[in-house]
Amino acid sequence: MKTRKILLNENEIPEKWYNIVADMPNKPLPPLNPGTLEPIGPEALAPLFPMELIKQEVTNEKWVDIPDEVRHLYSIWRPTPMFRAYGLEKALDTPAKIYYKYEGVSPSGSHKPNTALPQAYYSKQEGIKKITTETGAGQWGSALAFACNLFDIECEVYMVRLSYDHKPYRKIMMNTWGAKVLPSPSNATAVGRKILAQDPNTTGSLGIAISEAIEVAAASEDTKYALGSVLNHVKLHQTIIGQEAIKQMEKAGDMPDIVIAPFGGGSNFAGLAFPFLRLNFEEGKNIRCIASEPTSCPKLTRGVFRYDFGDTAGMTPLLPMYTLGHQFIPAPIHAGGLRYHGAGVIVSQLLRDNLIEARAHDNLEVFEAGVLFAKSEGIIPAPEATHGIATVIAEAKKCKEEGVSKTILFNLCGHGNFDMKAYEDYFAGNIVKHELSEEEIQASIALLDTPEIPE
Ligand SMILES: *Cc1c(COP(=O)(O)O)cnc(C)c1O
């Protein structure tokens, strides 16, 4: 029998996280204080994040030890399986060999618990009693609720009103793990009350929800705030995905020519791709790593590289990144996890240095890809993950046209079992092609008065 599933043992869960900054030819530029435009030090982040995570945010050490207790709890669902996608290869009639790493086996259904768990662990170590956060599509809120529960930490989630109303089961999932979920904007914060006074029927936004969660965390000593993407320490934690994947590819007697992952703020892409980029840096390999984003939120393929705020309200430090401008409002597409206006700092620098690539796919194309995958492989992918699948299909078709066999590995970063509304809309013909005009992009970027970065 041909092996379809490539598995590892529990004792093969990585012992360290890989910090790509140590190997980057050009280090990321420093974050700036928006008032003085001077580089900020780690202490500026202390009101919001536990000290250990701040250290990881700025470290240049190449390897960071994973605490034993975190590894032990990772073993609830890790190592995650890798599959050879025989069904998809057949459906595409391609000479390419396609593999995928499946992160949907985690308790909340995506890669996000890989970082939620250590974030809750370090918070507990430092005596934190409560963690606040925002959630859009619900994946991050669920992951953090799961992790906080393991460490007996209170979890308070500000969930964008629109998805609070549209995804009731994500909310119940968080409640089951003991988290308090508030529709954002809420009456619990000054920011929320102000916005509700202006418009009681607002559907909210991620930017507003971030502002509410930060307000609550900044107001008390024993409460911190947690982010599920974008930041360096989040990417660091995700690198267990790629480290496991390298072992699994070796077990399969293969090595990818191309590594692909969907891209929101960059954490699942970083998680799979960075350990393979290490092989490029250390062993001179030439593994191509491609990030896949929606054409309706194309910061990597059509954004500018400059300093910008991480949130809509302009409360964060200025970060050097590919961005569409922090006031960019993406269309309400279903891949909620990919609607962020900017890209993480490390990934942005790698793209700027041509060490990674990016592609954009429209909404209709990704649902076609997702349904083809569900039919040929069985697993229904999260709407975010379908962007990566669209890139895989394009590369596999190219292999067929050129008559060459390449090995492609992608990140199936979550299942779509809570996203049936999205699939329902697709089947009803309500998903349409959406591409931003150059005017729309230029208008959003023109609102930026943050520092430009010279070539
Ligand atoms: C949050 C999320 C994403 C996007 O975030 P990244 O940090 O870019 O990984 C993608 N896929 C799924 C399933 C998610 O939950």
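Refer to the structure printed above.
Right, let's walk through the structure included here. The model shown is predicted, which means the values in this text are computed figures rather than measured ones.

### Observations regarding the sheet that holds strand E6 (residues 130-135)
Item 1. The 4 strands lie next to each other as E8-E7-E6-E9, forming an open sheet whose pairing is parallel. On the outer flanks of this sheet lie strand E8 (180-184) and strand E9 (223-225), each paired with one strand and no other. Neighbour to neighbour, the strand axes of the sheet diverge by 25 degrees on average, direction disregarded.
Item 2. Bridge count between E6 and E9: 3 bridges; the pairing is parallel.

### Re the packing of helix H8 (residues 190-198) against helix H9 (residues 206-218)
Item 1. Between H8 and H9, whose axes approach to 8 Å, the crossing angle comes to 145 degrees. Packed against H8, whose contacting residues are Ala 190, Val 191, Gly 192 and Ile 195, the element H9 presents Ile 208, Ser 211, Glu 212 and Glu 215 at the interface.
Item 2. Its residues assigned to classes, the contact of H8 with H9 shows 4 nonpolar, 2 polar and 2 charged.

### Observations concerning the site of the ligand
Item 1. Around the ligand lies a shell of 16 residues, among which Lys 112, Ser 229, Gly 264, Ser 267 and Asn 268 are the nearest.
Item 2. In the model, an oxygen atom of the ligand is placed 2.6 Å from a nitrogen or oxygen of the Lys 112 side chain.
Item 3. Residue Gly 266 places a main-chain N or O atom 2.9 Å away from an oxygen atom belonging to the ligand.
Item 4. Here the ligand loses 97% of its free accessible area of 390 Å² to cover by the protein chains.

### Overview of helix H18 (residues 438-446)
Turn by turn, an α-helix covers 3.6 residues, leaving residues three or four places apart pointing in a common direction.
Item 1. Ile 441, Ser 444 and Ile 445 are the residues of H18 that are buried. The buried residues of H18 occupy one face: seen down the axis, they fall within an arc of 100 degrees. In this structure, H18 carries Glu 439 and Ala 446 as exposed residues pointing more than 90 degrees from its buried face.
Item 2. Buried residues in H18 make contact with helix H13 (299-302), strand E12 (304-309) and strand E13 (318-323).

### So, helix H4 (residues 113-125)
Item 1. Over its 13 residues, H4 extends 18 Å from the first C-alpha to the last, a length consistent with the 18 Å expected when each residue adds 1.5 Å.
Item 2. Of all 13 residues in H4, 11 are buried, a share of seventy percent or more.
Item 3. Turning to H4, its buried residues are Pro 113, Asn 114, Thr 115, Ala 116, Leu 117, Pro 118, Gln 119, Ala 120, Tyr 121, Tyr 122 and Ser 123.
Item 4. Once H4 ends, the next one or two residues include Gly 127, with phi positive near 75 degrees.

### Let's talk about the pattern of salt bridges
Item 1. Counting across every chain of the model gives 24 salt bridges.
Item 2. Two residues, Asp 65 and Lys 16, come together in a salt bridge whose shortest N-O distance is 2.6 Å. Of the two residues, Asp 65 is situated in strand E3 (residues 63-65) and Lys 16 in strand E2 (residues 16-18); the sequence distance between them amounts to 49 residues.
Item 3. What makes Lys 16 partly exposed here is its relative accessible area of 34%.

How each quantity is defined
- Residues numbered from 1 in each chain as written.
- Predicted model: local features only at pLDDT ≥ 70, side-chain atom pairs only at ≥ 80, totals over all residues.
- Heavy atoms only, no water.
- Pairing = 2+ DSSP bridges.
- Helix = DSSP H or I, 4+ residues; strand = E, 2+ residues; numbered from the N terminus.
- Axes fitted to C-alpha atoms, helices over the stretch in contact; angles between N-to-C directions.
- Contact = heavy atoms within 4.5 Å.
- Nonpolar A, V, L, I, M, F, W, Y, C, P; charged D, E, K, R; others polar.
- Near = heavy atom within 4 Å.
- Polar contact = N/O pair within 3.5 Å; in protein donor to acceptor, adjacent residues only side chain to side chain.
- Areas by Shrake-Rupley, 256 points an atom, 1.4 Å probe, with all protein chains shown as cover.
- Buried < 20%, exposed > 50% of the residue type's maximum accessible area, 1.4 Å probe, protein only.
- Arc of directions from axis to C-beta.
- Expected span 1.5 Å × (residues − 1).
- Salt bridge = Lys/Arg side-chain N within 4 Å of Asp/Glu carboxyl O.

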